[in-house]
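Fold and geometry: a report
Here are the chains, one letter per residue:
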Amino acid sequence: MAGTIQYRKPFSFKKGYSKLIPSGAVSTQLVRMPWQVPVQKPGVLRKVLISNPVGLAGTLAIWDQDLSNTTPPTAGSAGAALLPLGFGLSVLSGSANQTTVYTADQLPEIPFYSGMSSQSTQPGVTVAFEVEYI
Amino acid sequence: MSTTSNKEIITKINTSNALSPPSSGLVTRLNRLVFEPMVMPGQYVRIQQGKNAEIFQLSRLDVPEPLPPVRINLASFTSTLAALTDTGSPQSKGPTKLTSLDMPNYTLAQYRFVGLDEGILYELFQPASVAFMENKDGSIPFSYDTTMEFYLNGLWSMLPEAYVYQDSTTISCKITNMDMFGTTPYARLLAFGFKYPLVQIPDNEIRFDEDTGQVFREFMNPRTQAKKIQQIHPMTVSVGRGNRR
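Residues numbered from 1 in each chain as written. Chains lettered and ligands numbered in written order. Predicted model: local features only at pLDDT ≥ 70, side-chain atom pairs only at ≥ 80, totals over all residues.

What follows deals with the overall build of chain B. Within chain B, the secondary structure is distributed over 1 helix and 18 strands. The buried share among the 245 residues of chain B stands at 36%. (Helix = DSSP H or I, 4+ residues; strand = E, 2+ residues; numbered from the N terminus. Buried ≥ 20, exposed ≤ 12 C-beta atoms within 10 Å, placed from the backbone.)

Quick look at the confidence of the model for chain A now. Residues and elements named next belong to chain A. In the predicted model, chain A carries a mean pLDDT of 88, and the fraction of residues at 70 or more is 89%. Put simply, strand 6 (residues 98–102) is where chain A has its lowest mean pLDDT, 90, and strand 2 (residues 28–32) is where it has its highest, 97. Note on residues 1–5: pLDDT is under 50 here. Beyond four places in sequence and across chains, it has 8 contacts. (pLDDT = per-residue confidence, 0-100. Contact = placed C-beta atoms within 7 Å.)

So, about the nonpolar core. Side chains of nonpolar character tend, in soluble globular proteins, to be buried together. By size, the foremost hydrophobic cluster in this structure holds 74 residues, and its most contacted members are Leu108, Val164 and Ile175 of chain B. If we skip the residues at most four places from it in the chain, isoleucine 175 of chain B touches Leu74, Ala75, Leu81, Ser92, Lys93, Gly94, Ile120, Leu121, Tyr122 and Ala187 of chain B. (Core = buried A, V, L, I, M, F, W, Y, C linked by C-beta atoms within 7 Å.)

Walk down a regular strand and you will see the side chains alternate between the two sheet faces. All names here are of chain B. Across 6 bridges, the pairing between strand 2 (residues 44–49) and strand 3 (residues 52–57) is antiparallel. Looking at the pairing, tyrosine 44 lines up with glutamine 57 of strand 3. Of the pairings in the sheet, the one linking strand 3 to strand 14 (residues 199–200) comprises 2 bridges and is antiparallel in character. Looking at the pairing, glutamine 57 lines up with valine 199 of strand 14. (Pairing = 2+ DSSP bridges.)

Right, let's get into the sheet that holds strand 6 (residues 107–115) of chain B. Residues and elements named next belong to chain B. Pairing is antiparallel across the open sheet formed by 4 strands, whose spatial order is 4-13-6-11. For this open sheet the edge positions go to strand 4 (65–73) and strand 11 (161–165), each flanked by a neighbour on one side alone. Going from strand to strand, the sheet's axes swing by 25° on average, the running direction of each strand aside. As defined by bridge partners, strand 6 adjoins strand 13 (residues 188–197) across 9 bridges and the pair is classed as antiparallel. By the bridge assignment, glutamine 110 is partnered in strand 13 with phenylalanine 194. (Axes fitted to C-alpha atoms, helices over the stretch in contact; angles between N-to-C directions.)

Of the residues lining the interface, 15 residues belong to chain A; the matching set on chain B comes to 16 residues. The set of elements that each furnish at least two residues to the side of chain A that touches chain B consists of strand 1 (13–21) and strand 2 of chain A. Sorting elements by how many residues they give to the side of chain A that touches chain B places strand 1 of chain A first, with 3 residues.

In this model, valine 37 of chain A is joined to proline 38 of chain A through a cis peptide bond whose omega is 5°. Note on placement: proline 38 of chain A falls in the loop between strand 2 and strand 3 (43–52). Note that the residue after glycine 94 of chain B, namely proline 95 of chain B, is joined by a cis bond; omega there is 10°. Within the secondary structure layout, proline 95 of chain B lies in strand 5 (residues 93–97). Even without being glycine, glutamine 40 of chain A reaches a positive phi, approximately 50°. Inspection of the secondary structure puts glutamine 40 of chain A in the loop between strand 2 and strand 3.

For the rest of this paragraph, the subject is the sheet that holds strand 3 of chain A. All names here are of chain A. Strands sit in the order 1-8-3-6 across an open sheet of 4 strands; the sheet is antiparallel. Taken across any chain shown, the strands that pair with only one partner, and hence form the sheet edges, are strand 1 and strand 6. On average, adjacent strands in this sheet sit at an angle of 15° to one another, irrespective of strand direction. Bridge count for strand 1 against strand 8 (residues 125–133) is 9 bridges, and the pairing is antiparallel.

This next bit is on the pairing of strand 15 (residues 206–209) of chain B. Residues and elements named next belong to chain B. Summarising the sheet, strand 15 and strand 16 (residues 215–220) pair through 3 bridges and their orientation is antiparallel. The partner of arginine 207 across the bridge, within strand 16, is phenylalanine 216. Following strand 15, the chain reverses through 5 residues before pairing antiparallel with strand 16; glycine 213 in that reversal takes a positive phi of roughly 80°.

Following this line, the structure appears as structure tokens:
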């Protein structure tokens, strides 16, 4: 069925998070991966909702980095994101924000080992997302 | 059936070495695919704690009773579970005594456990300082992902199992957050199973054949007043390792 994930990976679990990205120029930690013992599970994005209150389209760049610890290796960067997700224009008239949704079948299964770090080309974007720890 | 003339080979049960203690995590014929009572009316059970063991019977006039799921939150809003640290020394909580799983006098409970909240590691202890399920490296934690996988697939025999006798063998549980990003006020453990109201068999009625490993019960026939010996097949369950080590 389009837009849903039928089966989780065995022995995995999912958690949901929400994060406001206040500035377009500063890296924001969406979530840290549990890379330390006794857990050591990478995460995969299974669903992303990007809510854009600004009247311009933009891109959300996500890469693999724990911004508060340099021990785990990093992959990608703000300029060379592992996962660039475009989001649409907001509706200027009226109060409704534009929300762009990416579901499991639209997201590549890229494992994040250290953390999900992000930058948005538009400030004030709220990202709500589901991570499956595999 | 043999009589007391067999006394030369049937010695009084010696719980320190005659019957070897069970391992900490029971994977026996008790762990059936379908979760059903392991002792039925009239059957015997041997409850072992460390070197000590006693034999009980589920009376023919009693029945095992289902224990509906009990939810225990091991964190709270005022005492949240800290996030997993970078240092490799997790800020765990507990072990906390799970007194809500205790039983009344002469009652044995059989529980199976499911981790209810995602991202929590649970470790069981019985008694409080002795890991209940462990390998050479130490305690083996379980979690939502490792228990729910079996629960949802109907493989209930693979769920962690523990026994509690009265309120003297309380289980304790330690929790650790698997999330490095935030604290949580919820770390819930689900326990369900059966309880068995038991009658204790006096030690002087139990005989053990050291050659064959068979267990007998010697009792007085209430009608004829004659002594009789009956072979019994007690199921051994562990309620903690106590002073075994």
